Amino acid sequence: MPTVSVKRDLLFEALGQKYTDEEFDELCFEFGLELDEITSEKDIISREQGDEKAEGASDVVLYKIDVPANRYDLLCLEGLVRGLQVFKEKLEAPRYKRVSPADGGEPQRLVITDETASVRPHAVAAVLRNITFTQERYESFIELQEKLHQNICRKRTLVAIGTHDLDTISGPFTYTAKPPGDIRFKPLNQSKEYTATELMSLYKTDGHLRHYLHIIENEPLYPIIYDSNGIVLSMPPVINGEVTKNCSMLLNMKSVFCVCLQAKTTLDMVVTMFSEYCEEPFTVEEAEVVYPDGRLCVYPELAYRTETLSGDFINKRVGINESAESIAQLLTRMCLRSEVSGEGDLIQVEIPPTRADVIHACDIMEDAAIAYGFNNIFRSTPRTYIYIYIYIYIHASIEKTKRSILKFKNPYQFIKTKIIDICSEEDIADKLRKNIAETRAVHISNPKTAEFQVARTCLLPGLLKTLAANRKMPLPLKLFEISDVVLKDETKDVGARNNRRLCAVYYNKSPGFEVIHGLLDRVMQLLDVKPGRNQGYHIQAAEDSTFFPGRCAEIFSCGKSIGHLGVLHPDVISRFELTMPCSAIDIDIEPFL
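Taking an unreviewed UniProt entry as the reference, the chain is identified by name as Phenylalanine--tRNA ligase beta subunit belonging to Sinocyclocheilus rhinocerous. The UniProt entry for the chain carries this comment under Cofactor (unreviewed entry): "Mg(2+)". The Subunit (unreviewed entry) field of the UniProt record for the chain holds the comment "Heterotetramer; dimer of two heterodimers formed by FARSA and FARSB."

Quick look at the structure:
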């Protein structure tokens, strides 16, 4: 979760009310945030570098607030205050509006050339006109850009943000790409001009910028933005030109030209957060972007959309019993203007451009639950459940990470584990002697490593890798996990579904098939499912490539197959770097929930 640092007194001034630390902590909790730390710049430096280094540092109280990673609108003081004020019903959610230039002139224009196709072919732009900055506002403006760069922009690999003083440059602007040797300009905070090649060497030792060099340094062409006089605004995603000036000079700027490479959402977020400081609050001046194929697009989009869902949908899934009018009021407090449509309990929910995190009805449902208050939701017991008594058993290493391992208080003493939900294709296919095409796996489109290629389709690989990481532990090793797997399902609106499963393994000098079979009987006893072929459960011999031939059984409940148990095939054991026999059970427990 991103952490936003805000000055306490400045925050309270913007909120129009003072709180004690405990009161503000409670307010954050109610709004779905967490007040992580109360500190100061002096305390931070003292803690990290010692008291001597902290001398002279500011002792202004800072609140460090943990914000959900998908709430980009809360990553700055302005958005945080706006969200809290609307939540406390002291303010109505503003309506953001795109406007034409006030003087009736032509909008600012950004022309994209063909050369950008090999690096970053898309760009969007907008203008914040007649804006008033103070030192605090400007610092927040820069901080928001940095938070977005680290969050939705994925450390500038997806999106690069550039903001420039429009009074020092002139359009139309050109976004193109050139060989690094052909690019020459004076970068921000430097006293002389450099070629792009020289800048790559210069910033190799820069503690901040060196992290972004790899994005373009091996490309034959580097992206570059010029104004109509040939002045370099920026070489994204690395550095702005000196024309951007420094912080002290920018406090007097009145018009900001915002350029974002690749993302409309990022642009919307920057301009909506700070449009309140414009002469006409919450308005953003449009800019035109001309693409190489001749298309002309106008930005920012600031698009509103409407979703319709029923009050019954929210009541059932949150576990409350509110009228549609009450639910509409709850959603309005979360900056989602809502009203009852007049047709039954249907609610029309307006999604503003600041809420890019709302992509599904479940996101709206979550906001309703936050506004209602999680502590106010009545706790009810599921119809079917398993009584589990747990206590801390042992501290050990699971996949090189120290964590507490919990032990069931049952005759079999199986240890509970929790494995990461993403794995490699090899784990769920080749190592289990399966064909990847038959696994119904959901693939990650652009995996960063071979370990994170697909969402797991079964729990067994994770348990076997955990055994491999704990081979030095005393035998027998008995592990289990109850968790979700993800399977492709064309009948679902997202093309996939979660499936709750139980998997357990027994690793010892002997296979221990009877132990795994006994565990099945115990689980079914806890679920109050009796042995039997019709309304109960039974097993019958089966063949599965993951298990040893003749030592595998299929599990049936009420006539429906719910999983397998048996002794694992020696090839499976060796592929997971194990040396002892191992038996396993893998069952679908959703029919019992």
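Moving on from the model shown.
Structural notes on the overall build of the chain
Looking only at helices and strands, one finds 16 helices and 31 strands in the chain. Projected onto its principal axes, the C-alpha coordinates of the chain cover approximately 85 × 60 × 60 Å. Within the chain, the proportion of its 593 residues that are buried is 49%. Intrachain contacts of the chain at a sequence separation of at least 6 include 66% that bridge at least 24 residues. Positive and negative side-chain charges in the chain, numbering 69 and 86 respectively, have mean positions lying 7 Å apart.

Quick look at the confidence of the model for the chain
The predicted model of the chain has a mean per-residue pLDDT of 85, with 93% of residues at 70 or higher. Element-level pLDDT for the chain is lowest in strand 21 (residues 390-398), with a mean of 30, against a maximum mean of 94 in helix 16 (residues 570-575). Contacts for the low-pLDDT stretch residues 384-411, under 50 throughout, to residues beyond four places or in other chains number 55 contacts.

Some remarks on the pattern of salt bridges
Using the criterion set out here, one finds 29 salt bridges in the structure. Here K316 makes a salt bridge to D312, at a shortest N to O gap of 3.5 Å. With K316 and D312 both in helix 10 (residues 311-318) and 4 residues apart, the pair spans about one turn of that helix. Classification of K316 by relative accessible area gives exposed; the value is 61%.

Digging into a nonpolar patch on the surface
Together, I420, I422, I444 and F452 make up a nonpolar patch on the protein surface, roughly 320 Å² of accessible area in all. Among the residues examined, F452 registers a relative accessible area of 37% and is labelled partly exposed.

What to know about the domain arrangement of the chain
Per the domain assignment, the segments making up the chain are domain 1 (3-88), domain 2 (97-299), domain 3 (305-376) and domain 4 (392-592). A separation of 50 Å is found between the C-alpha centroids of domain 2 and domain 4.

What to know about the pairing of strand 8 (residues 173-178)
Side-chain direction in a regular strand flips from residue to residue, so the side chains alternate between the two faces of the sheet. Bridging between strand 5 (residues 108-112) and strand 8 involves 3 bridges; their strand directions are parallel. Among the inter-strand pairings, L110 is bridged to a residue of strand 8, identified as F173. Bridge count for strand 8 against strand 11 (residues 222-226) is 5 bridges, and the pairing is antiparallel. What sits directly across from Y175, in strand 11, is I225.

Notes on the sheet that holds strand 2 (residues 34-40)
Read across the sheet, 3 strands follow the order 1-3-2 without closing on themselves; strand pairing throughout is antiparallel. A strand with exactly one partner marks an edge of an open sheet, and here the two such strands are strand 1 (3-7) and strand 2. Recorded for the sheet is a direction-independent mean angle of 25° between the axes of neighbouring strands. Two elements, strand 2 and strand 3 (residues 61-66), share 6 bridges in a ladder whose sense is antiparallel. Each bridged residue has a counterpart across the sheet, and for E34 the counterpart in strand 3 is D66. Seen against the sheet, helix 1 (residues 8-15) touches strand 1 and strand 3 and runs at an angle of roughly 80° to strand 1.

As for the side chain of D227
Relative to the helices and strands, D227 resides in the loop between strand 11 and strand 12 (232-235). Within the structure, D227 has its side chain in polar contact with the backbone nitrogen of S170 (distance 3.3 Å). Among all residues touching D227, those that are not within four sequence positions of it are I169, S170, P172, F173 and L233.

Quick word on the side chain of T546
Topologically, T546 is positioned in the loop between strand 28 (537-541) and strand 29 (547-557). What makes T546 buried here is its relative accessible area of 3%. For T546, the residues in contact, after removing those within four places along its chain, are L432, K434, L460, L568, H569 and V572.

A word on the UniProt feature "domain: B5" (unreviewed entry) in the chain
UniProt annotation of "domain: B5" (unreviewed entry) refers to residues 302-379 when read in the numbering used here. Overall, residues 302-379 shows 37% helix and 19% strand. The separation of its end C-alpha atoms is 40 Å.

Considerations on the sheet that holds strand 17 (residues 296-299)
In spatial order, the strands read 13-12-11-8-5-16-17; together these 7 strands make up an open sheet with mixed pairing. The open sheet terminates on both sides in strands that have one partner only, identified here as strand 13 (239-240) and strand 17.

Thresholds, definitions, all that
- Residues numbered from 1 in each chain as written.
- Predicted model: local features only at pLDDT ≥ 70, side-chain atom pairs only at ≥ 80, totals over all residues.
- Heavy atoms only, no water.
- UniProt positions renumbered as here; feature names shortened; annotations may be inferred.
- Helix = DSSP H or I, 4+ residues; strand = E, 2+ residues; numbered from the N terminus.
- Buried < 20%, exposed > 50% of the residue type's maximum accessible area, 1.4 Å probe, protein only.
- Contact = heavy atoms within 4.5 Å.
- Lys, Arg positive; Asp, Glu negative; His and termini not counted.
- Charge placed at Lys NZ, Arg CZ, Asp CG, Glu CD.
- pLDDT = per-residue confidence, 0-100.
- Salt bridge = Lys/Arg side-chain N within 4 Å of Asp/Glu carboxyl O.
- Patch = residues over 30% accessible without salt bridge, like charges linked within 9 Å, V, L, I, M, F, W, Y side chains within 5 Å.
- Areas by Shrake-Rupley, 256 points an atom, 1.4 Å probe, with all protein chains shown as cover.
- Domains from an automatic or database assignment.
- Pairing = 2+ DSSP bridges.
- Axes fitted to C-alpha atoms, helices over the stretch in contact; angles between N-to-C directions.
- Polar contact = N/O pair within 3.5 Å; in protein donor to acceptor, adjacent residues only side chain to side chain.

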